[in-house]
Amino acid sequence: MAEIDYNFDMFEEGTAAPKVAPVPKQQPRKKLQIVEETREVKRERVRIQQRQNTLSTFAIIAVALVITAVVSSFIYLGASINAYDHKIAAVQEELNIAESQNVILNIKRDSMVSFDSIRETAEDLGMIQRDKYQVTYFELSQEDYGVVN
């Protein structure tokens, strides 16, 4: 039989994985404190303060312009929606008037064509209404069709 050698060195302590090197923590930076209040230092502070004030002013103006644009667009859209609502109401009113006129005309048409007026017109033309003896009734046999010769 063949002899198999196993190498277990990689499982020994310290060889399995590389050790992580600790990262040194950085100390927080301290602000420089100027002990003497000189003329140049005062001017620089004033200049920095003015720059910050100018930037904040521009930021406020920009935000105000954006808000004004949004509000004005809402007002414009509301006004246009209101105008379209008025147009819709006007067209709806015209439609209601047309429908009522249609009903009136249909009633007039129906009153013109009544059975009494038809009978009067027929009598004026010399026609008479048929009597019962003039009507012939017949029954069909069980078949659903008839033959005419």
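Residues numbered from 1 in each chain as written. Predicted model: local features only at pLDDT ≥ 70, side-chain atom pairs only at ≥ 80, totals over all residues. Heavy atoms only, no water.

(A) Representation of the overall build of the protein chain. Tallying secondary structure elements over the protein chain gives two helices and zero strands in all. Out of the 149 residues in the protein chain, the part that is buried amounts to 1%. (Helix = DSSP H or I, 4+ residues; strand = E, 2+ residues; numbered from the N terminus. Buried < 20%, exposed > 50% of the residue type's maximum accessible area, 1.4 Å probe, protein only.)

(B) A look at a nonpolar patch on the surface. A cluster of nonpolar side chains, namely Val63, Ile67, Val71 and Ile75, defines an oily patch on the protein surface of about 370 Å² accessible area. Mapped onto the elements of the fold, Ile67 is located in helix H1 (residues 39-112). By relative accessible area, which is 49% here, Ile67 ends up partly exposed. (Patch = residues over 30% accessible without salt bridge, like charges linked within 9 Å, V, L, I, M, F, W, Y side chains within 5 Å. Areas by Shrake-Rupley, 256 points an atom, 1.4 Å probe, with all protein chains shown as cover. Salt bridge = Lys/Arg side-chain N within 4 Å of Asp/Glu carboxyl O.)

(C) Geometry of the pattern of salt bridges. One pass over the full model with this rule turns up three salt bridges. One salt bridge in this structure joins Arg109 and Asp110, with 3.3 Å as the shortest N-O distance. Arg109 gets classed as partly exposed once you look at its relative accessible area, which sits at 48%.

(D) Broad picture of the layout of surface pockets. Looking at the largest pocket, its volume works out to about 180 Å³. Surrounding the largest pocket, Phe115, Ile118, Arg119, Ala122, Glu123, Met127, Ile128 and Gln129 form its lining. Residues that form the lining of the largest pocket fall into these classes: five nonpolar, one polar and two charged. (1 Å grid on protein atoms, 1.4 Å probe; cavity = no way out; pocket = protein on both sides within 12 Å on 5 of 7 lines; lining within 4 Å. Points joined across faces, edges and corners; volume = space filled by probe spheres on them. Nonpolar A, V, L, I, M, F, W, Y, C, P; charged D, E, K, R; others polar.)

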